[in-house]
Structures are given as structure tokens and as C-alpha cells.
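Each chain is listed here by its residues.
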Amino acid sequence: MNAVRTFPTPIDTYCHALSALCAEAGPRLVARLSRRFPGTAPAQVEEAVQEAFFDACHPQRRAWFEEGWREGGTPELYRRLFTAGWRRTRARHRRVENGRTTAIEAMDGFDPTDPCQDPARQRLEAELDGWVETKVEEATRTFGRARKHALREALWDLVQAGDPVTCLARRHDLPRRYLAEASAWLRHEIEARAAA
């Protein structure tokens, strides 16, 4: 009797790639994020990476990761895991910094003029981060057409690292004009806010 030959489905192949990355690249992700956020406890960075991998496995949350894997293979899946881990670590880092500010304010002799611990400055930074996030989402809706997820990620790369538009468009497999229009609009919004 002949055995029936089966082929892996796309989701099986994605899960295999994700499992391999978890085993091979998990520690590298933790190390990279720890360098980016030196004030965050290593256990919290590791937890953020684990949550990123969990999201990539979860049936209702993995679409963005799966899209990246389909479009760019394992390197793009790794990049998206890094981005997800970065966002989660940043959120933890902010909570830690806010907690430190509260604790320091309660101490006798706290100097409120210290710019590193100034609560008003931290509130302004948080407000600016929220404003940028809102503008990235607005640019994504306005210029993303059928490639909203890819444009959103490209714009975050642009905001965080300042890579050239052509490189980002190629990396995210976007038509260059989508990203050029969105980045020009975003730059205009930032300049208008700065001038206000």
C-alpha cells in the first residue's frame, strides 16, 4: 500500500520558522533590546520578547507577523518580532521611569530642577510620543491604501532610525511614492508643531 504524501501548509511552514527563530534568535533579541533600554531590568526585557513571540503565535494576533514572513521570509519575521519587543520594552521602560520619578519626588531633598527627573519634562515626552503615534496612524490611513501595515512599520522605522525613504520602501516592499507622500506629510506636521 502506497503512503499518501503530504505537504506542509503555509501556516505549518510559518510556525516552523517561528519556532526556529524562538530557539535561535530569542537570546539575541533580548540582548539587543537590553542594550537599547539599559535602565530596564533584564527580566522585563525577556518578558517583552516572550510576549512578542506569544503574539506571533496567537491565532488572533499573528496576522501582522505572518504577513511579514510571507513578504520577507525569516529576516522580516525577525525584524517584526524585534519591533514588537521594542514597543513592549519601551512601554515597560516608561512605567519604570514614571515609578522612579514618583519615588524620588517622595524623598527629602529631591531637586525638582534636575532635568533627568523633571516630571513636567517626562509628561511632555509622553505627550509628544502619543502625538507622533497619532500622526503615524493618520498618515497610515491617508496614504497606506492596501498596504497599511507595511506603511505603518516603515514610518515607525523612519521616526526611530531616520533611514532613507528608498531603503525603507525596499525593506518593507512598498511603492516608494506611498512612503514618500506619507513621510513628507509627517515631516510637515512635525515642522508645523515645532513652529507653533
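Would you explain the overall build of the protein in this entry?
Regarding its fold elements, the protein presents 7 helices and 0 strands. For the protein, the succession of helices and strands along the chain, N to C, is α-α-α-α-α-α-α. Within the protein, the fraction of its 196 residues that count as buried is 39%. Taking all contacts inside the protein whose residues are at least 6 apart in sequence as the whole, residues at least 24 apart take part in 63%.

Please explain helix 7 (residues 176–195) as it appears in this structure.
Within an α-helix, residues lying three or four positions from one another point in the same direction, as the helix has 3.6 residues per turn. Here helix 7 spans 28 Å end to end across 20 residues, near enough to the 28 Å set by a 1.5 Å rise per residue. Within helix 7, the full set of buried residues consists of Tyr 178, Leu 179, Ala 182, Ser 183, Trp 185, Leu 186 and Glu 189. End-on, the buried residues of helix 7 take up no more than an arc of 160 degrees, which puts them together on one face. Turned more than 90 degrees away from the buried face of helix 7, the exposed residues are Ala 194 and Ala 195.

When you look at the nonpolar core in this model, what are you seeing that I'm missing?
Among soluble globular proteins, nonpolar side chains are generally buried collectively. Counting residues in each nonpolar core, the largest one holds 23 residues, and the members touching the most others are Phe 65, Leu 77 and Leu 81. Every element with two or more residues in this core is listed here: helix 1 (10–36), helix 2 (42–57) and helix 3 (63–106). Beyond its immediate chain neighbours, meaning those up to four positions away, Leu 81 contacts Leu 18, Leu 21, Leu 29, Ala 52, Phe 53, Ala 56 and Phe 65. In this structure, Ala 150, Leu 158, Val 165 and Leu 179 belong to the second largest nonpolar core, which totals 20 residues.

For this particular structure, what's the right way to read the pattern of salt bridges?
Close approach of charged atoms allows side chains of opposite charge to pair. Summed over the entire model, instances satisfying the criterion amount to 14 salt bridges. With a closest N to O distance of 3.8 Å, Glu 71 and Arg 80 form a salt bridge. The class of Arg 80 is buried, set by a relative accessible area of 1%. Of the charged contacts in the structure, one is a salt bridge between Lys 135 and Glu 138, with a shortest N-O distance of 3.4 Å. One end of the pair, Lys 135, and the other, Glu 138, are both in helix 4 (residues 119–143), 3 residues apart, so they sit about a helical turn from each other. Residue classification places Glu 138 among the partly exposed residues on the basis of a relative accessible area of 27%. Shared partners join several salt bridges into a network, and the residues in it are Glu 67, Glu 71, Glu 76, Arg 79, Arg 80 and Arg 147.

I tried to follow the confidence of the model for the protein on my own but got confused; where do I start?
Fine structural detail should not be taken from predicted coordinates in areas where pLDDT scores are low. Per-residue confidence for the protein gives a mean pLDDT of 77; residues scoring 70 or more make up 75%. Within the protein, the element-level pLDDT minimum falls on helix 3, averaging 76, and the maximum on helix 2, averaging 88. Of the regions scoring below 50 in pLDDT, residues 4–8 engages in 1 contact with residues more than four places distant in sequence or in other chains. Note on residues 98–117: pLDDT is under 50 here. Beyond four places in sequence and across chains, it has 14 contacts.

Cut-offs used in this document
- Residues numbered from 1 in each chain as written.
- Predicted model: local features only at pLDDT ≥ 70, side-chain atom pairs only at ≥ 80, totals over all residues.
- Heavy atoms only, no water.
- Helix = DSSP H or I, 4+ residues; strand = E, 2+ residues; numbered from the N terminus.
- Buried < 20%, exposed > 50% of the residue type's maximum accessible area, 1.4 Å probe, protein only.
- Contact = heavy atoms within 4.5 Å.
- Expected span 1.5 Å × (residues − 1).
- Arc of directions from axis to C-beta.
- Core = buried A, V, L, I, M, F, W, Y, C linked by side-chain atoms within 4.5 Å.
- Salt bridge = Lys/Arg side-chain N within 4 Å of Asp/Glu carboxyl O.
- pLDDT = per-residue confidence, 0-100.

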